[in-house]
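Here is how the chains run, residue by residue.
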Amino acid sequence: MPTPVNSTPRPPRVLSDVDSDVSQRAARNWWNDEAADYQSEHGRFIGDSTPGGEFVWGPERFREADAHLLGDVEGRAILEIGCGSAPCSRWLKAHGANVIGLDVSIGMLRNGIEAMKLDDAPVPLIQAGAEHLPFADASFDIACSSFGAVPFVADSARVMREVARVLRPGGHWVFATNHPMRWMFLDDPGPDGLVVRMSYFSRTPYSEANDDGEITYVEHHRTIGDRVREIVGAGLVLEDIVEPEWPDDLEDEWGQWSPLRGSYFPGTAIFVCRKP
């Protein structure tokens, strides 16, 4: 059914059983605990040990150096949201950007500080959540996020509004996250991960809890339509949705991502947005 021309975009349905405070606390603690293991397992792939870092948009090895989704970054004020150990921020700095990295996990940021010993100049890092960005209006030319923050916050629509607030007119917001259709499948890189198990339309968050019932991990699902409505509702223009294909020469698995699954459906969605 077509949307009436004068209607207000319908906001995505946000379930409240795992709210923003619970989600942020779980993300902060989980990534603090996993920081060392994550770097050991994935650090080489994402460029933690590369002088000047690396900017990889996802497990498909889709690099910003090839994609140019951010445009010319030299001299631009850039905010990376959910920077983790900051390989993307370090790459942006090495290419002439004035960049700040933000992440909720001090453990991941410490990994970034250690990695910067390989670089000519450090990147300022800030510990904060994505739903309340600690910056003045119109502070940045570009904001970006490579699998950071967006899937782990309860109110991702607020993240979009916050990004729109801190961007200057004409600024770009580019973020990569799990492709929404992945929600239907088990996190299994093998044949069992090719069978639909869950409803694409269920927004009930995936969560894990310890023996005391405390939620220790949360991941939130939004459909493609939800993401579009979040972006448009924040006053941004959606210019493209990029779905990187799995390279023929990439044999590595990354959790649920694998050559098998990548040959059938996308694992990453990159949303390219602009502030008018």
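Below is a short write-up of the structure.

Procedures and definitions
Residues numbered from 1 in each chain as written. Predicted model: local features only at pLDDT ≥ 70, side-chain atom pairs only at ≥ 80, totals over all residues. Heavy atoms only, no water. Salt bridge = Lys/Arg side-chain N within 4 Å of Asp/Glu carboxyl O. Helix = DSSP H or I, 4+ residues; strand = E, 2+ residues; numbered from the N terminus. Buried < 20%, exposed > 50% of the residue type's maximum accessible area, 1.4 Å probe, protein only. Core = buried A, V, L, I, M, F, W, Y, C linked by side-chain atoms within 4.5 Å. Contact = heavy atoms within 4.5 Å.

Attention now goes to the pattern of salt bridges. A complete count under the given rule lists 12 salt bridges for this structure. A salt bridge links Asp141 to Arg168, with the nearest nitrogen and oxygen atoms 3.1 Å apart. Here the residue Asp141 occupies a position in strand β4 (residues 140-146), and Arg168 occupies one in strand β5 (residues 167-178), the gap between them amounting to 27 residues. The class for Arg168 is partly exposed, based on a relative accessible area of 32%. In this structure, Arg274 engages Glu239 in a salt bridge whose closest nitrogen and oxygen atoms are separated by 2.7 Å. On the criterion of sequence distance, the pair formed by Arg274 in strand β9 (residues 268-274) and Glu239 in strand β8 (residues 237-242) is long-range, its members being 35 residues apart. Note on Arg274: relative accessible area 28%, which makes it partly exposed. Linked by salt bridges that have partners in common, Asp137, Glu162 and Arg165 make up one network.

Our next topic: the nonpolar core. Counting residues in each nonpolar core, the largest one holds 27 residues, and the members touching the most others are Leu79, Ile81, Leu133, Val163, Trp173 and Phe175. Secondary structure elements with two or more residues in this core: β1 (77-81), β4, α5 (156-166), β5 and β9. When residues in this core are grouped by element, the largest group, five residues, is from α5. Residues in contact with Leu133, not counting those within four places in the same chain, are Leu79, Ile81, Leu102, Glu162, Val163, Arg165 and Val166. Counting 24 residues, the second-largest nonpolar core is a separate cluster that includes Leu70, Ile78, Cys144 and Ile270.

Note that every value here comes from positions in space, so none of it alone points to a role or purpose.
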